[in-house]
Amino acid sequence: MADMENGDNQTRKDQEKQQEKEQILQELSVQDTLDAEQKKKYGEYVKQVTPTHSLPLEMLKAFITGGIICCIGQGILNMAGAQGLDKQTAGSWCSLLLILASVVLTGLNIYPGIAKWGGAGALVPITGFANSVAAPAIEFQKEGQVFGIGCKIFTIAGPVILYGIFSSWALGLGYWVGRCVGWW
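One numbering rule holds for all chains: residues counted from 1, following each sequence as written. Thresholds applied to this predicted model are a pLDDT of at least 70 for local features of residues and 80 or more for the giving and counting of side-chain atom pairs; totals over whole chains, interfaces and linings are not thresholded and use all residues. To obtain the side-chain values, all non-hydrogen atoms of the structure were included, while hydrogens and water were left out.

(A) Examining the packing of helix H3 (residues 55-82) against helix H5 (residues 111-118) more closely. Put simply, H3 and H5 touch, their axes get as near as 8 Å, and they point 135 degrees apart. Comparing the axis directions of H3 and H5 gives the class oblique. When H3 is examined against H5, the residues Lys61, Ala62, Ile64, Thr65 and Ile69 are found in contact with a partner set consisting of Tyr111, Ile114, Trp117 and Gly118. The nonpolar class holds Ala, Val, Leu, Ile, Met, Phe, Trp, Tyr, Cys and Pro. Asp, Glu, Lys and Arg form the charged class, and all remaining residues, Gly among them, are polar. Here the contact of H3 with H5 is composed, by residue class, of six nonpolar, two polar and one charged. Helix axes are fitted only over the stretch in contact, all axes being lines through C-alpha atoms; the angle between N-to-C directions runs from 0 to 180 degrees. Helix numbers and strand numbers start at the N terminus; a helix is a DSSP run of H or I with at least 4 residues, a strand a run of E with at least 2. Oblique is the label for any angle not covered by the other classes, which are roughly parallel (under 35 degrees), roughly antiparallel (over 145) and roughly perpendicular (65 to 115). Any pair of residues with heavy atoms lying within 4.5 Å of one another is described as a contacting pair.

See below:
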C-alpha cells in the first residue's frame, strides 16, 4: 500500500514538474529572443529538474544488487547439490527458481523498485530478463489475453531473443563453414 502511495506521490510530482516545464517553455516561446533573466530562470529550472547521479555510488549499488542475486543463485545451487542433484539439473533448478522469483516479484510490483535502486545489477542477471518479459504482460493485461498479454509480452525481450537466435545461427554457420574448410 505504501509503495502505491509513493508511486502516486512520485507521479504527482512528475506531473507538477511537467506542468512547470510547459509553463516556462510557453513563456519562452512568446518572445523570439531570450533576455538574460529568462535564460537564468530557465537554467535554474534545468538544474532543478535534472537528476544528479554519483557514478561510484551507482556502481556500488549495482554491485551489491547483482551480488545478492548471485548469492541467492549460489545458495539454490548448493541446496540442490546437497539434495543429490547433478550440476546440470541443479543449474536448471536455479535458473527456474530465479525466473519464478523475478516474475512473482514483478507481479507484486517489488522488482521494479529493486531494479530502480540496483540499476544494472538487477537488470543484467536472468532475473532482469524475466522481469522484462513479465512487466509488459502485466501492464497490458487489461487489454485482454491476445491483444494485451499476447502482443505486448515480447516488446522488450523480443529483440533480445531475435538477435540472440540470429547471432547463434550466424556463429554456428561460421563454425560449420570453418569445419568444412578445415580451419577447425
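(B) The pattern of salt bridges, seen in detail. We define a salt bridge as a contact between a side-chain nitrogen of Lys or Arg and a carboxyl oxygen of Asp or Glu at a distance within 4 Å. Tallied over the entire structure, the rule returns one salt bridge. Lys61 serves as the salt-bridge partner of Glu58, at 3.6 Å between the closest nitrogen and oxygen. In this pair, Glu58 and Lys61 both sit in helix H3, three residues apart, roughly one turn of the helix.

(C) Structural view of the side chain of Thr65. Looking at the element boundaries, Thr65 is found in helix H3. Exposure classes here rest on a 1.4 Å probe applied to the protein chains alone. A residue is buried below 20% of its type maximum, exposed above 50%, and partly exposed in between. When its relative accessible area of 6% is taken as the criterion, Thr65 is described as buried. Throughout this description, a polar contact denotes any pair of N or O atoms lying within 3.5 Å of each other; where both atoms belong to protein, one of them has to be capable of donating a hydrogen while the other can accept it, and for residues adjacent in sequence the pair is counted only when both atoms sit in side chains. From its side chain, Thr65 meets the backbone oxygen of Lys61 in a polar contact 2.8 Å long. Leaving out residues up to four positions away in the same chain, Thr65 has contacts with Ile114, Trp117, Gly118, Gly121 and Ala122.

(D) Inspection of the confidence of the model for the chain at higher detail. When pLDDT is averaged across the chain, the result is 81; 78% of the residues are at 70 or more. The predictor rates its confidence in each residue with pLDDT, a number between 0 and 100. Of all the helices and strands in the chain, helix H8 (residues 145-152) carries the lowest mean pLDDT, 64, while H3 carries the highest, 93.

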